Amino acid sequence: MLVLGSAARILAVTLAGVTIGLASSLATIAFVAVLNWANDLLLLSPSAREAASDTQTLLTVATLCVPAFGGLGVGLILARHVKSQRPLGPADAILAVQIREPMPDGRSAIAGTLASLLALCTGASAGQYGPLVYMGAAIGARVRRLERRFRDIRSIAIACGVAAAISTAFSAPIAGLIFAHEVILRHYALRAFAPVAVAAATGHVSAYLAFGSEPILGVSFDGLLHSYEFLLFAMEGILAAFLAALFMALVLAFGRTAARLPIRLSLRPAAAGLVLGVVALQVPEVLGVGQETLIAITHDVPYGMSELLVLVTAKILLSALCVGFGFAGGVFSPALLIGCFGGALFGLGVSVLLPFETSGVLPYTVCGMMAVASPVIGAPLSTILIVFELTGSYDLTIAVMTSVAFANLIGHKIIGRSLFDVQLRLRGFDLSHGRDRAILARHNVREFLSQDYTTMHPEDHVEKMIEVCASGRQGEVLLVDDDGQYCGRVRITAVLKDPGPGRLEKYAESQDLVFREDTNLWNAMALLQGFVGEAVPLVAKGGRLMGVVPESAVIHGYIEATRELRREENAGA
């Protein structure tokens, strides 16, 4: 029976991986196709703008109006059709997997995806990969029947959708596989690894073989010329960390500013779109995802150092503004482009300022891209593998690995694991201390509330307590006044040490441990250190006694929660 059960699970999750991978891949292809078509139609892509350069009036009107009206549409969709009234993205997928929160409902998922598509179609200075990750996660979360029969299948299915989306978007199946484990699951249990790998492979096959999708970073590199350049790559990684931290800090700052401004929620993306359009009249590279610009720079840098400085500054500010003001979209693409501009600037600066030869601007451009992007999304391994899969260059991959390592070390110290984790922390879900703590913090001690306790009045006499404890074989009583207010605990040992006549309030413990209504399982375990007693009183905000929480119940709940986590993270097939 055990063999048959394992075989059934393997077959089920494999079929789920193929199905989810195919569905997520097709949805990704459709999303990107509509995005590219709309950007060309609305004169937002560099190639379309160049073709329409002789109709300057039309170009100006499109630049100013399209982002503003697109932002208005995005704001209305989010305000009216998304339950949380905010853009949906990778943070929601991480939350659903890490602490088993439900994904947004189907209507919100569809509306959120459409809002992101509209934003990117109308030139939002944001990214496509965040919405694609969420869309893949939403497709995976639709697995319901299997969830009743197989444990952990929902988390695995979400990871399958994410892996297929990244695999399709980048034409990088290995990076898609690692991204799903590194960012979404955050473990490498074999039970999850196999179906996620199947989904990533399915996404790649359907995108590349069936539709002829091309990788976004198809560059050729002859190799590094000098070993001392690794010092420069390390320096670039450190600088990239500060650039990434600046971008993330500005995203959060613009989000706080938007919340304080007297602008309706539905109008905030439109305000960002209007500012974007005005800036784009002078710096059109800030419009949209920027994939054409990225490809152009990685093949041959068409800008000077002063132009790159303007571009990196404008892209940071406008992308942070759009994301912070709710102009739905991701942060991976802007981070790539910011790093691309910054890396090219670093490479040109090195060649001009230093008195020795380098391997050209390309390795510094690619290192800058990944060194800025990896701290933002919290995926150092994935970004390194993307470079290896898309370029096939071992030398370039090692250079990127050096920059990414230093960027993540510094970035983690400055702002944390990723922007997604910071966003979740601001929403009350702190993953910085590990998944155990986050899950335990979601369990309130009220779940273990018991009414099995004895109460007495503070003015009752000692003799009465001795009788009650003797008849009920109890070692303590809780004191409650006429209004139900908790007045303390009296232990029989304290009474027997001084058995003279007197009222019980005389023996009440002054440092008595109590739980509050908002005490969670993690905090309860910390508070129980050194506690001696049968149960902890649970006291309401006004001081009323609600019941007691047995120490054994808290410990049992803690053990069960952590055991379930360990089982999930270390399970085989």
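What you are looking at is a predicted structure, and each value in this text was computed from that prediction instead of being measured.

A. Representation of the overall build of the protein in the model. Scanning the protein for helices and strands turns up 24 helices and 6 strands. Projecting the C-alpha coordinates of the protein onto the three principal axes gives extents of approximately 100 × 60 × 50 Å. Counting across all 573 residues of the protein, residues that qualify as buried make up 55%. Of all intrachain contacts in the protein linking residues separated by at least 6 positions in sequence, the fraction that spans at least 24 positions is 76%. Accessible surface, the protein as shown: approximately 24,700 Å² in total, 62% of it carbon and sulfur. The averaged location of the 45 negative side-chain charges in the protein is 7 Å from the averaged location of its 42 positive side-chain charges.

B. Geometry of the side chain of Arg489. Here Arg489 lies in strand β3 (residues 486–491). Polar contacts involving the side chain of Arg489 include one to the side chain of Glu476, which spans 2.8 Å.

C. Up close: the packing of helix α4 (residues 90–98) against helix α8 (residues 153–170). The interhelical angle for the contact between α4 and α8, taken along N-to-C directions, is 155°, at an axis separation of 9 Å. Relative to α8, α4 is oriented roughly antiparallel. Note on packing geometry: the crossing formed by α4 with α8 is left-handed. Between α4, through Ala93, Ala96 and Val97, and α8, the contact on the second element is made entirely by Arg154, Ser155 and Ile158. Considered class by class, the residues forming the contact of α4 with α8 number 4 nonpolar, 1 polar and 1 charged.

D. Seen up close, the environment of Arg435. In this structure, Arg435 sits in helix α20 (residues 435–440). Accessibility expressed as a relative area gives 8% for Arg435, which makes it buried. On a C-alpha basis, the gap between Arg435 and Thr455 in space is 39 Å, while along the polypeptide they are 20 residues apart.

E. Structural view of the pattern of salt bridges. Under the criterion given, the structure shown has 7 salt bridges. A salt bridge links Asp92 to Arg86; the shortest N-O distance between them is 2.8 Å. Look at Arg86 and you get partly exposed, because its relative accessible area is 24%. Across the salt bridge formed by Arg427 and Asp92, the nearest N and O atoms sit 3.2 Å from each other.

F. Spatial organisation of the packing of aromatic side chains. Taken as a whole, this structure holds 8 aromatic pairs when the rule is applied. Arranged with centres 5.0 Å apart and planes meeting at 70°, the rings of Tyr228 and Phe356 form a pair that is edge-to-face. With Tyr228 in the loop between α10 (190–209) and α11 (229–260) and Phe356 in the loop between α15 (332–353) and α16 (362–377), this residue pair connects regions lying 128 residues apart in the sequence. When its relative accessible area of 31% is taken as the criterion, Tyr228 is described as partly exposed. Relative accessible area serves as the criterion here: at 37%, Phe356 is assigned to the partly exposed category. Following the ring pairs from residue to residue traces out a cluster consisting of Phe230, Phe233, Phe346 and Tyr364.

Quick notes on the rules
- Residues numbered from 1 in each chain as written.
- Predicted model: local features only at pLDDT ≥ 70, side-chain atom pairs only at ≥ 80, totals over all residues.
- Heavy atoms only, no water.
- Helix = DSSP H or I, 4+ residues; strand = E, 2+ residues; numbered from the N terminus.
- Buried < 20%, exposed > 50% of the residue type's maximum accessible area, 1.4 Å probe, protein only.
- Contact = heavy atoms within 4.5 Å.
- Areas by Shrake-Rupley, 256 points an atom, 1.4 Å probe, with all protein chains shown as cover.
- Lys, Arg positive; Asp, Glu negative; His and termini not counted.
- Charge placed at Lys NZ, Arg CZ, Asp CG, Glu CD.
- Polar contact = N/O pair within 3.5 Å; in protein donor to acceptor, adjacent residues only side chain to side chain.
- Axes fitted to C-alpha atoms, helices over the stretch in contact; angles between N-to-C directions.
- Parallel < 35°, antiparallel > 145°, perpendicular 65-115°, else oblique.
- Left-handed = near helix turned anticlockwise from the far one by under 90°.
- Nonpolar A, V, L, I, M, F, W, Y, C, P; charged D, E, K, R; others polar.
- Salt bridge = Lys/Arg side-chain N within 4 Å of Asp/Glu carboxyl O.
- Phe/Tyr/Trp six-rings, centres within 6.5 Å; stacked < 30°, edge-to-face > 60°.

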